[in-house]
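The primary structure of each chain is shown beneath.
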Amino acid sequence: MSVVHELNHPLIQHKLAILRNKKTGVKEFRELVGEISGLMCYEATRNLPTEEVMVQTPVAKAKCYKLAGKKLAIIPILRAGLGMVDAMLDLIPSAKVGHIGLYRDPETHQPVEYYCKLPEDIGKRQVFVVDPMLATGGSAIAAIDFLKQHGCKQIIMMNIIGCPEGVKAVQDAHPDVDIYVAAIDEKLNEHAYIVPGLGDAGDRIFGTK
Ligand code: PRP
Ligand code: URA
């Protein structure tokens, strides 16, 4: 079974409190999504392999460690996942970026695919799938299915807000995929929105409502 890391760090909790507030405007919302994503990236990359290198400082030789040349990819689920990408790239600038376009049908809540473009060598990369919301889990499961069809074997899921239903669904469908989530909320409501959540992440990032 996969591991679920709920990142209850004080800085993340503080930023989440502002992010969730319905009075927070689009500019601040976007900035906070980025800041939280950066903090989450720090945790989600914790187990990346490193290799020893010797560095000459002005004083002496130092035994240091660099990332062991592992190829990384960030895969946002459109639209809202786009809000997490730049902050991830600030920390891992050589990562490649692929896009998976999915929207939830408002009636069935099932994901509908409309665009996908992945790096050619995606199957050789450690992949970080990013999406602020993990609600029913349908979008995350469809994105991971698609990545596995393209040969991906090492996949980490990153969500800002999840709920027990979504976490369980992803774990059941993809027990090999670890989940990093800033907060696991109480439940889904009858419209499959996360309670208390933050509303519609895409609309709040892009100011479409
Ligand atoms: C939101 C969110 C996730 C999905 C989560 O996207 O960004 O992708 O819903 O719900 P699920 O776990 O039940 O699948 P949405 O479909 O609203 O599209 P958008 O990002 O284009 O607004
Ligand atoms: N998508 C969102 O943006 N918010 C939710 O609460 C559920 C799905």
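Here, the structure is the one placed above.
Throughout what follows, the structure given in this document is the object of discussion. (Residues numbered from 1 in each chain as written. Chains lettered and ligands numbered in written order. Predicted model: local features only at pLDDT ≥ 70, side-chain atom pairs only at ≥ 80, totals over all residues. Heavy atoms only, no water.)

**Thoughts on the packing of aromatic side chains**
Phase 1: The full count for this structure, using the stated rule, is one aromatic pair.
Phase 2: Between Y103 and Y114, the ring centres sit 6.1 Å apart and the planes meet at 35°, which makes this aromatic pair tilted. Here Y103 is found in strand β6 (residues 99–104), whereas its partner Y114 is found in strand β7 (residues 111–117), with 11 residues between them in sequence.
Phase 3: In this structure Y103 comes out as partly exposed when scored by relative accessible area, which is 43%.
Phase 4: Stacked on the ring of Y193, the Lys or Arg R104 has its end atom at 5.5 Å from the ring centre. (Phe/Tyr/Trp six-rings, centres within 6.5 Å; stacked < 30°, edge-to-face > 60°. Helix = DSSP H or I, 4+ residues; strand = E, 2+ residues; numbered from the N terminus. Buried < 20%, exposed > 50% of the residue type's maximum accessible area, 1.4 Å probe, protein only. Lys NZ or Arg CZ within 6 Å of the ring centre and 35° of its normal.)

**Topic: unusual backbone geometry**
Phase 1: Along the chain, L78 connects to R79 via a cis peptide bond; the corresponding omega equals -5°.
Phase 2: In this fold, R79 is placed in the loop between β4 (72–78) and α3 (82–91).
Phase 3: Looking along the chain, the bond that leaves V195 and enters P196 is cis, with omega of 0°.
Phase 4: By secondary structure assignment, the location of P196 is in the loop between β12 (194–195) and α6 (201–206).
Phase 5: The backbone phi angle of H109 is positive, close to 65°, even though this residue is not glycine.
Phase 6: Position of H109 among the secondary structure elements: in the loop between β6 and β7.
Phase 7: On the basis of relative accessibility, which here comes to 19%, the residue H109 falls in the buried class.
Phase 8: Although it is not a glycine, A192 sits at a positive phi angle of roughly 60°.
Phase 9: Note that A192 resides in the loop between β11 (187–188) and β12.

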